[in-house]
Amino acid sequence: DTAVSQTPKYLVTQMGNDKSIKCEQNLGHDTMYWYKQDSKKFLKIMFSYNNKELIINETVPNRFSPKSPDKAHLNLHINSLELGDSAVYFCASSQVSLSSYNEQFFGPGTRLTVL
Amino acid sequence: AQSVSQHNHHVILSEAASLELGCNYSYGGTVNLFWYVQYPGQHLQLLLKYFSGDPLVKGIKGFEAEFIKSKFSFNLRKPSVQWSDTAEYFCAVRGGADGLTFGKGTHLIIQP
């Protein structure tokens, strides 16, 4: 079974459209994340979601909104897509406890292309 | 705020050569450090991690890293690389619920 899964794997869309990327983890982790990897392979945290607390990277435009229907899912909604949103988006999860910080497990990524 | 600096953006080595990738970090809290690898077209996989204890950390596939607190460094090493080690390597520092802060990555190419 895949630990962290994302759908779709590839997403091609027009500027101005609204799209969603889904993420699910079956590891029982309490924290989930979204990262953006740009064309230069630079990875940057966008959001983390822990026990219904959302921590937002302040540089992320408000066109991006994460939604968590339950602990195992953290979906990413993007409104009014722009060319610069083209990137690979990775979902990740971890179990963040008071006494230790565990590794993050990454999904396979979603390659978003905005035309 | 934390930051991670990887010194080498592109490294080309021949098979059997020794590898050392530099990583320096800046973080005010308890240090948790990671090296992730991304093979072409694949997702990130954890190579190794440091939380506490022995500063020399052994990872998968023969990789190791040494945490040197005085130098704020966590360099990745492998004594003899293989063609299959061609990949992108990322150093990262803990952010807790804030997530990981990654370096800009090192693109490693191993020539047969």
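What you see is a predicted model; the values in this text were computed from it and never measured.

### Here we look at the state of the cysteines
The full count for this structure, using the stated rule, is two disulfides over all chains. The disulfide that involves C23 of chain A links it to C91 of chain A, with 1.8 Å between the sulfurs. Since a negative S-S torsion denotes a left-handed disulfide, the C23 of chain A-C91 of chain A link at about -75 degrees is left-handed. In this pair, C23 of chain A sits in strand 3 (residues 19–25) while C91 of chain A sits in strand 9 (residues 87–94), placing the two residues 68 residues apart along the sequence. Pair check on accessibility: C23 of chain A and C91 of chain A agree, each one buried. Two residues share a disulfide in this structure: C23 of chain B and C91 of chain B, whose sulfurs sit 1.9 Å from each other. One quick way to see it: the torsion about the S-S bond of C23 of chain B and C91 of chain B is about -70 degrees, and its sign makes the bridge left-handed. Remark: C91 of chain B occurs in strand 10 (residues 87–93) and C23 of chain B occurs in strand 4 (residues 23–26); sequence separation between them is 68 residues.

### Some remarks on the interface of chain B and chain A
Contacts between the two partners involve 22 residues from chain B, matched on the other side by 20 residues from chain A. Buried surface at the junction of chain B and chain A, both sides included, amounts to about 1,800 Å², of which 63% is carbon and sulfur. We note a salt bridge from K49 of chain B to E103 of chain A, for which the minimum N-O separation is 3.5 Å. Mapped onto the side of chain B that touches chain A, the elements with two or more residues apiece are strand 5 (33–38), strand 6 (44–50) and strand 10 of chain B. Each residue belonging to the side of chain B that touches chain A can be placed in one class, and the counts come to nine nonpolar, eight polar and five charged.

### Describing the confidence of the model for chain B
On average, residues of chain B score 91 in pLDDT, and 96% of them reach the 70 mark or higher. Within chain B, strand 3 (residues 19–21) of chain B carries the highest mean pLDDT (97), whereas strand 11 (residues 101–102) of chain B carries the lowest (90).

### Topic: the sheet that holds strand 3 of chain A
In a beta sheet, neighbouring strands are held together by backbone hydrogen bonds and run either parallel or antiparallel to one another. Residues and elements named next belong to chain A. Spatially, the four strands line up as an open sheet ordered 1-3-8-7, and their pairing is antiparallel. Across the chains shown, the open sheet's two edge strands, defined by having one partner strand only, are strand 1 (4–7) and strand 7 (64–67). On average, each strand axis in the sheet is inclined to that of its neighbour by 20 degrees, with strand direction left out of account. The pairing of strand 3 with strand 8 (residues 75–78) spans three bridges and is classified as antiparallel. Bridging across to strand 8, S20 finds its partner in H77.

Cut-offs used in this document
Residues numbered from 1 in each chain as written. Chains lettered and ligands numbered in written order. Predicted model: local features only at pLDDT ≥ 70, side-chain atom pairs only at ≥ 80, totals over all residues. Heavy atoms only, no water. Disulfide = S-S within 2.5 Å. Helix = DSSP H or I, 4+ residues; strand = E, 2+ residues; numbered from the N terminus. Buried < 20%, exposed > 50% of the residue type's maximum accessible area, 1.4 Å probe, protein only. Contact = heavy atoms within 4.5 Å. Buried area = accessible area lost by both parts, 1.4 Å probe. Salt bridge = Lys/Arg side-chain N within 4 Å of Asp/Glu carboxyl O. Nonpolar A, V, L, I, M, F, W, Y, C, P; charged D, E, K, R; others polar. pLDDT = per-residue confidence, 0-100. Pairing = 2+ DSSP bridges. Axes fitted to C-alpha atoms, helices over the stretch in contact; angles between N-to-C directions.

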